[in-house]
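What follows is the residue order along each chain.
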Amino acid sequence: MSLIDIIETAQKEGKLFDSSVENLRIWAGASYLPDWVISSISELVNNGEWDELNDRFYRNLAFGTGGMRGRTIGRVSSSVELGSAKADKIKGTPNRAAVGTNVLNDFNIIKATIGLFRYTSNYLKINDRLEQPRFVIAHDVRHFSRHFCELAASTWTKLGGQALIFDGPRSTPQLSFSVREYKANCGAVITASHNPWHDNGFKVYFEDGAQVVSPHANSIVLQVNEVALDEVTAYLEINLDSVVTLNTTADRRYLCVLDEIVLDREVIAAQKPRIVFSPIHGTGAISTAPALRKLGIDVIEVPEQMVQDSNFTTVQSPNPENAEALEMAIARAEDSGADLVVATDPDADRMGVAVRNSAGKMVLLSGNQIGTLLAEYRIATLKESGVLPEEGTQRAALIKTFVTTPMQDALAKWHGLKTVNTLTGFKWLGEKLADYELQMKQRLLEEEGMAIDYDACDLWTRADLLMEYSTFFVVGGEESYGYLAGDKVRDKDANAAVIMICELAAYLKSQEMTFTDYLDSLYLLYGYYEEQSINIYYEGAAGSQKISNILGSYRARSPKKFGDVLVTGFTDFGKDEIVDADGKKIPPQDFYFLELSNGYSYAVRGSGTEPKIKFYVFGRSDVANSDALPAIKTSVAKEMADILELIESDARIRADAELEGEE
């Protein structure tokens, strides 16, 4: 039997999906593909790895509005893919990325680069801009990251553009900054952020330095989808002769932006906080540690995790949201007596923190707590310094996602600032920064007849101009450990976040106050808020259907109650017309927000970067005095646990109901 015959027989026996077979026919029958592609497919077919083949071929890897992300190493790898790497535990990068339509490999990287180039070239022509399309690419430490970076750069120059890459791994926020700094038309970072070791991604930015959103995003997606497989092979061989490589000068420029984020240098110099820092094997070591030492902060490293390691071998997951990822750093802090622990994920856009409580014990802060503490400190400090008026202003904003704690809404309101809620994903915050910049420039030109070089202005000049003519972004972030203050970077920045949390540590040390004391003082002011989330993972082709079932069922038959708690409000972001605090319409999305009769609320959405569905539950209680706070925390935690259990149970029923044809 031929390879195609075996594949079609497996289809008849129900072992392969129809969509998988459709894609396999194209790949297995393509004479223009390299021999190693057919060899890999043949081995998996002959070994009867039907689940693996379904996962790899049941669909095309989606190039979404921000790029793409997925496995680059299969659960089962062929011998030609592995090369000298061992199948049981990858010791080095395999010889080749996984073959398939639904994995991140050379073919999908080239396809994405061609589509992005075509859109960018057309965009420049439409706007009568004759420049050569310029593309900046960064990469993290993951498997194939350097290879994919060079492949994209080589493809771009072969197409007729100019490509700039770094001489080694760099963080996502540095890429965001560099797009504007080097006046590029677009950028990309090769990373899967905090995902498992076997994943990688291709995240796209436009010339404003932020991740692409509409109208660019949808048009780029269309261009990528139009690239045919037989177009790709001409670009498989890498040629870097025309590629520009950026050196440490690029790092110094970015470090200046990190230095600019500091509000009170004197308190840092006086208190000199001691911190344990871990980049969890990633790019945080390149920028964070030097920036901290420049400020005179005593940095204690976790030596084992300073090593750039594609397998992240010291942790189960390189995600600073997970307590396990900070265990080594916390142990180091206990041994050294450090004031706090900070850790960044592989591409240094997320930061996790552990601090000492009033008893001197190390405790983890949630992403919501970190963001709230940073917001309170920075807003109060900017008021004291006169940057913000004491009474506040609606020309200054805190920007957060809908699924980030409502405590930050209360905080901003108390300070007299505007709160802008966005959909999940920092691209929406980046879009806001672009809107504010453009509005300021237009009004300044109309009213004063002035045009300025915005990128040449320091942070505080920007603040004055934005509050006069538009909106000044003060601070913002998302519950999933991403933070930003300032708009020279247009994505979440863990390098800057580490500096901000260290400055806060110095301030609290000067006040003889712990982080937990500070947080409790805010609960007395704004009320006690608690947030918990549920992540339900469904991997592979079957898992994707389960996630779709849950999201679809919420729209078709939304929950009415959980035990004795009734659902009193239901907002469907995919159907309801919703506008933000600036009067801008929120784009439709499969995202739901439910209000409950006990005063709690929760949100539901599918993750855009991992095979999971997420539920975010929010609770709040007034606090009469400090004596009442411990009992309130206990009461809210219990009620929260009960609600979480009921929501998860309901979700698992919904996941399977559609598969079985149930109503």
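Residues numbered from 1 in each chain as written. Predicted model: local features only at pLDDT ≥ 70, side-chain atom pairs only at ≥ 80, totals over all residues. Heavy atoms only, no water.

**Structural notes on the pairing of strand 18 (residues 565–572)**
Working step 1: As defined by bridge partners, strand 17 (residues 561–562) adjoins strand 18 across two bridges and the pair is classed as antiparallel. Bridging across to strand 18, phenylalanine 562 finds its partner in valine 565.
Working step 2: Where strand 17 hands over to strand 18, the hairpin turn is made up of two residues, of which glycine 563 adopts a positive phi near 65 degrees.
Working step 3: Pairing analysis gives five bridges linking strand 18 to strand 19 (residues 591–596), with the strands arranged antiparallel. In the strand pairing of strand 19, threonine 571 is matched with phenylalanine 593. (Pairing = 2+ DSSP bridges. Helix = DSSP H or I, 4+ residues; strand = E, 2+ residues; numbered from the N terminus.)

**Notes on the confidence of the model for the protein chain**
Caution is warranted with low-pLDDT regions, since their predicted coordinates should not be read in detail.
Working step 1: Per-residue confidence for the protein chain averages 94 on the pLDDT scale, and 98% of its residues sit at or above 70.
Working step 2: Contacts from residues 659–663, a stretch scored under 50 in pLDDT, to residues over four places away or in other chains number six contacts. (pLDDT = per-residue confidence, 0-100. Contact = heavy atoms within 4.5 Å.)

**Things to note about the environment of glutamine 589**
Working step 1: By the secondary structure assignment, glutamine 589 is in the loop between strand 18 and strand 19.
Working step 2: It is 8.8 Å that separates the C-alpha atoms of glutamine 589 and arginine 605, two residues lying 16 residues apart in sequence.
Working step 3: Dropping the residues within four chain positions of it, glutamine 589 is found in contact with Leu423, Arg555, Phe573 and Gly574.

**Some words on the pattern of salt bridges**
Working step 1: Scanning the entire structure with this criterion turns up 47 salt bridges.
Working step 2: Its salt-bridge partner being arginine 180, residue glutamate 437 comes within 3.2 Å of it at the nearest N-O pair. Taken together, the residues glutamate 437 in helix 18 (residues 426–448) and arginine 180 in helix 8 (residues 172–181) connect sequence positions 257 residues apart.
Working step 3: Looking at glutamate 437, the relative accessible area reads 8%, which means it is buried.
Working step 4: Of the residues examined, arginine 180 reaches a relative accessible area of 9% and is grouped as buried. (Salt bridge = Lys/Arg side-chain N within 4 Å of Asp/Glu carboxyl O. Buried < 20%, exposed > 50% of the residue type's maximum accessible area, 1.4 Å probe, protein only.)

**So, the sheet that holds strand 20 (residues 601–606)**
Sheet strands pair via backbone hydrogen bonds, and the direction of the pair is either parallel or antiparallel.
Working step 1: Strand order in the open sheet made by the six strands is 16-21-20-19-18-17, with antiparallel pairing throughout. Across the chains shown, the open sheet's two edge strands, defined by having one partner strand only, are strand 16 (528–537) and strand 17.

**Digging into the pairing of strand 3 (residues 162–166)**
Working step 1: Counted residue by residue, strand 3 has four buried out of five residues, so it is predominantly covered.
Working step 2: Note that strand 2 (residues 134–139) and strand 3 share four bridges and pair parallel. In the sheet register, isoleucine 137 faces strand 3, and the bridge partner there is isoleucine 165.
Working step 3: Chirality of the crossover, the property in question, places the unit of strand 2, helix 7 (residues 145–158) and strand 3 among those that are right-handed. (Right-handed = clockwise from strand over helix to strand, strands pointing away.)

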